[in-house]
Protein chains: 2
Amino acid sequence: MEEFKNIFIIGVGLIGGSVARDLRRILPACEIYGIDASKDNLEEAVGMGLINHSSGLEELHLADLVFLAIPVDQANLFLPPVLDAVREDTLVVDMGSTKASVCKTVAEHPKRRNFLASHPIAGTEFSGPSAAIEKLYDGKTMIICEVEKTAFKLQERALQLFSDMGMRLRYMDPESHDRHIAYVSHLSHISSFMLGKTVMEKEKNEKDIFDMAGSGFASTVRLAKSNPATWTPIFKENRENVLETLKEYIDNLNNFKNLLENAEYEAVHAEMKNTNHIKSILKGL
Amino acid sequence: MEEFKNIFIIGVGLIGGSVARDLRRILPACEIYGIDASKDNLEEAVGMGLINHSSGLEELHLADLVFLAIPVDQANLFLPPVLDAVREDTLVVDMGSTKASVCKTVAEHPKRRNFLASHPIAGTEFSGPSAAIEKLYDGKTMIICEVEKTAFKLQERALQLFSDMGMRLRYMDPESHDRHIAYVSHLSHISSFMLGKTVMEKEKNEKDIFDMAGSGFASTVRLAKSNPATWTPIFKENRENVLETLKEYIDNLNNFKNLLENAEYEAVHAEMKNTNHIKSILKGL
């Protein structure tokens, strides 16, 4: 199969930068061009050897493959002009955490068949080029939406590359993706941010409270380190689904609070016992 | 300093069993006696070599040192008869996650000066003898309450042992302990249990949702694997403080929900940005 030679990465942060690290290993002959709204990020990425060239949208005609790894609202803005600019045989892959709006954005685009909508279930709470990690995607799930709308030959080349990155592929329609991911990813971020907020508000008045924090707190609050520039657009694009999960979460918390207020300790025990079952569901995670 | 020879551990689970593993290393000549409501746990602990003897309360007169590592409501029940049964020079240490009720329980006990109220900020989401880990306590914080109410000689011996286990010592009154620990530990468990519940309720109807879960979800939901037999009594004993933190947490979540409902994305961004500061607070955790 023909190899990708000139690869453009739009957004050289955690997600795009980690793709670059894998490309270096899998396609040692490729040239990686970076595009980023932040000149500092671009310079850093070149300095680190993450990308070969600091580039711009005007050079996209060179691209065999384009990765979009920018905030999801930006992806909606940039995807049409990117598709306009690329050649007929170029593959454009979006890596954003919401998929319905981006699929809608390009639904009628003349180059829809050049586009593949993907979401790698991988990341950390850090951001920027320095957060890029080799093999971030190894063993992780790649969710692909509307695969049938991508040209067969481009599908094939993309899926081969994702397999070479060590990813497991899952196919899903974009609406189902957005509804489910709200539960297993977006809600976790809100629960973590608000937990961090609650404890930090207390800390203003009470010194040394964090001396008492252990690994359990660190684990539940880890996602509160995430980048608001990434997450505000995600919550915006997936607003309806996120609100639904958030409502259910708050209802469950209120129910737990009521049980505790009413000293219904058997029911408190049952709430936890029934949730323990998550052990077997999360095996391997 | 005189070494502890006969050491009783009441509750040979994660916490007590991990103490046993450290004692083997620090005091190789000691004999460890286990007491547990579960005969299976005792047999398992003997079989693993975690303890030397399966024992009972009637042998406590042999003890130089007693660790209580049982659910906090049980500690309140057992502590007075344990103190009644031990010798005048025996040290009794409670390791529970709430401290006010246990300190109140023994306040007027004739052997109050034999007792040290402690809480090691260490643990995992697992339970039982097989969950015991060597060096679980190494580098962790040990919170000690009402140290002045323990006999000076016994204080000294206990603090030396905790230091040998690699722990950093912090002194605090029991009411402050319970108020602060509600924020940095107890609330995290509720947020995690209810997050797990919310997602699992959804999963009943939607297949394969957990295929989409990544390390972020696993991290925020990890504590939902914790033992309800440990945590129900903690929430019971620390009910007022836990309810206060839970109310503040729910208020913060409702506020975030309202901002999202009203499409106030700048405010949503600010909520997260302000909480990012937790990065610097949690350094090292």
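Summary of the structure given here. If you're wondering where the values come from, they're calculated on a predicted model, not measured in any experiment. (Residues numbered from 1 in each chain as written. Chains lettered and ligands numbered in written order. Predicted model: local features only at pLDDT ≥ 70, side-chain atom pairs only at ≥ 80, totals over all residues. Heavy atoms only, no water.)

For the rest of this paragraph, the subject is the overall build of chain A. Looking only at helices and strands, one finds eleven helices and eight strands in chain A. Its C-alpha atoms put chain A at 65 × 40 × 30 Å along the principal axes. Buried residues in chain A amount to 60% of all 285 residues. Partitioning the intrachain contacts of chain A with sequence separation of at least 6 by distance along the chain shows that 72% fall at a separation of at least 24. Accessible surface computed for chain A: about 11200 Å², of which carbon and sulfur atoms make up 49%. Charge centroids of chain A, computed over 32 positive and 41 negative side chains, lie 2 Å from each other. (Helix = DSSP H or I, 4+ residues; strand = E, 2+ residues; numbered from the N terminus. Buried < 20%, exposed > 50% of the residue type's maximum accessible area, 1.4 Å probe, protein only. Contact = heavy atoms within 4.5 Å. Areas by Shrake-Rupley, 256 points an atom, 1.4 Å probe, with all protein chains shown as cover. Lys, Arg positive; Asp, Glu negative; His and termini not counted. Charge placed at Lys NZ, Arg CZ, Asp CG, Glu CD.)

For the pair chain B and chain A, the relating rotation is 180°, the translation along its axis is 0.0 Å, and the fit reaches an RMSD of 0.0 Å. Viewed as a symmetry operation, the transformation between the two copies matches a two-fold axis. Judged by C-alpha distance, T220(B) is the residue of chain B that lies nearest the rotation axis, at 2.1 Å. (Least-squares fit on C-alpha atoms with pLDDT ≥ 70 in both.)

Turning to the interface of chain B and chain A, a few remarks are in order. Interface size, as often reported, equals the accessible area lost upon joining of the parts. In this complex, chain B contributes 89 residues to the contact, which on the side of chain A involves 88 residues. Interface area, chain B with chain A, both sides summed: about 8500 Å², of which 70% is carbon and sulfur. At the surface where chain B touches chain A, the tally comes to six salt bridges. Notably, a salt bridge pairs D211(A) with R170(B), separated by 2.6 Å at the nearest N-O pair. Seen at the junction of chain B and chain A, the total is 31 residue pairs in polar contact (both at pLDDT 80 or more). Secondary-structure elements contributing two or more residues to the side of chain B that touches chain A are β7 (141–145), β8 (168–172), α6 (174–205), α7 (215–221), α8 (228–237), α9 (239–261), α10 (265–276) and α11 (278–281) of chain B. Looking at the side of chain B that touches chain A, the element that brings in the most residues is α6(B), giving 22 residues. A per-class count over the side of chain B that touches chain A returns 42 nonpolar, 26 polar and 21 charged. (Buried area = accessible area lost by both parts, 1.4 Å probe. Salt bridge = Lys/Arg side-chain N within 4 Å of Asp/Glu carboxyl O. Polar contact = N/O pair within 3.5 Å; in protein donor to acceptor, adjacent residues only side chain to side chain. Nonpolar A, V, L, I, M, F, W, Y, C, P; charged D, E, K, R; others polar.)

With their axes 9 Å apart at the nearest point, helix α8 (residues 228–237) of chain A and α10(B) run at an angle of 140° to one another. Crossing angle aside, the handedness with which α8(A) passes α10(B) is right-handed. In this structure, α8(A) contributes P228(A), A229(A), W231(A), T232(A), F235(A) and K236(A) to the contact, and α10(B) contributes Y265(B), V268(B), H269(B), M272(B), K273(B) and N276(B). (Axes fitted to C-alpha atoms, helices over the stretch in contact; angles between N-to-C directions. Left-handed = near helix turned anticlockwise from the far one by under 90°.)

Quick look at the pairing of β8(B) now. Residues in a regular strand project their side chains so that they alternate between the two faces of the sheet. Residue and element names in this part refer to chain B. Two elements, β7 and β8, share five bridges in a ladder whose sense is parallel. Within the sheet, the bridge partner assigned to I144 lies in β8 and is Y171. Taking the sense of rotation as the criterion, the β-α-β connection linking β7, helix α5 (residues 152–164) and β8 turns out right-handed. (Pairing = 2+ DSSP bridges. Right-handed = clockwise from strand over helix to strand, strands pointing away.)

Moving on to the environment of M194(A). Position of M194(A) among the secondary structure elements: in helix α6 (residues 174–203). For M194(A), a relative accessible area of 0% translates into the label buried. In this structure, the C-alpha to C-alpha distance between M194(A) and A224(A), residues 30 residues apart in sequence, is 7.9 Å. Those residues in contact with M194(A), other than ones at most four positions away along the chain, are Y249(B), N252(B), L253(B), F256(B) and E271(B).

Our focus in this paragraph is the state of the cysteines. Residue and element names in this part refer to chain B. For the coordinates displayed, the defined rule picks out zero disulfides over all chains. C145 forms no disulfide, and the closest cysteine sulfur to it belongs to C103, at a distance of 5.6 Å. By relative accessible area, C145 is classed as buried at 0%. (Disulfide = S-S within 2.5 Å.)

Time to look at the environment of R21(A). All names here are of chain A. Inspection of the secondary structure puts R21 in helix α1 (residues 14–26). The partly exposed category is assigned to R21, whose relative accessible area is 28%. Linking R21 and K135, residues 114 residues apart in sequence, is a C-alpha distance of 7.7 Å. Leave out the neighbours within four places in its chain, and R21 touches M48, L50, A132, I133 and E134.

Time to look at the sheet that holds strand β1 (residues 6–10) of chain A. All names here are of chain A. Taken together, eight strands build an open sheet; the order of strands is β3-β2-β1-β4-β5-β6-β7-β8 and the sheet is mixed. Edge positions in the open sheet fall to β3 (53–54) and β8 (168–172), since each of these has one partner strand only. Where α6 meets the sheet, it contacts β6 (115–120), β7 (141–145) and β8, and its direction lies at approximately 110° from that of β8.

Another point: the pattern of salt bridges. According to the stated counting rule, one finds 32 salt bridges over all chains in the structure shown. Residues joined in a network through salt bridges with shared partners are D22(A), R25(A) and E134(A).

All names here are of chain A. Across its twelve residues, helix α10 (residues 265–276) extends 17 Å between first and last C-alpha, which sits within 8% of the 16 Å expected from 1.5 Å per residue. All of the buried residues along α10 are Y265, V268, E271, M272, T275 and N276. When α10 is viewed along its axis, its buried side chains cluster within an angular range of 140° and face the same direction. Relative to its buried face, α10 has exposed residues pointing more than 90 degrees away, namely E266 and N274. (Expected span 1.5 Å × (residues − 1). Arc of directions from axis to C-beta.)

Residues and elements named next belong to chain B. Here eight strands make up an open sheet; going across it, the order is β3-β2-β1-β4-β5-β6-β7-β8 and the pairing mixed. Every other strand in the sheet has two partners, leaving β3 (53–54) and β8 as the edge strands with one partner each. The strands touched by helix α1 (residues 14–26) within the sheet are β1 (6–10), β2 (31–35) and β4 (65–68), with β1 carrying the most contacts at an inclination of about 160°. Relative to β8, α5 is tilted by about 135°, and along the sheet it contacts β4, β5 (91–94), β6 (115–120), β7 and β8.

Next up on the list: the packing of α6(A) against α9(B). Closest axis-to-axis distance for the α6(A)/α9(B) pair is 9 Å, and the angle between their directions is 125°. Here α6(A) lies oblique to α9(B), going by the angle between them. α6(A) and α9(B) meet at a crossing whose hand is right-handed. Along the contact surface, α6(A) presents I190(A), S191(A), M194(A), L195(A), K197(A), T198(A), E201(A) and K202(A), while α9(B) presents E244(B), T245(B), E248(B), Y249(B), N252(B), L253(B), N255(B) and F256(B). The class makeup of the residues in the contact of α6(A) with α9(B) is six nonpolar, five polar and five charged. (Parallel < 35°, antiparallel > 145°, perpendicular 65-115°, else oblique.)

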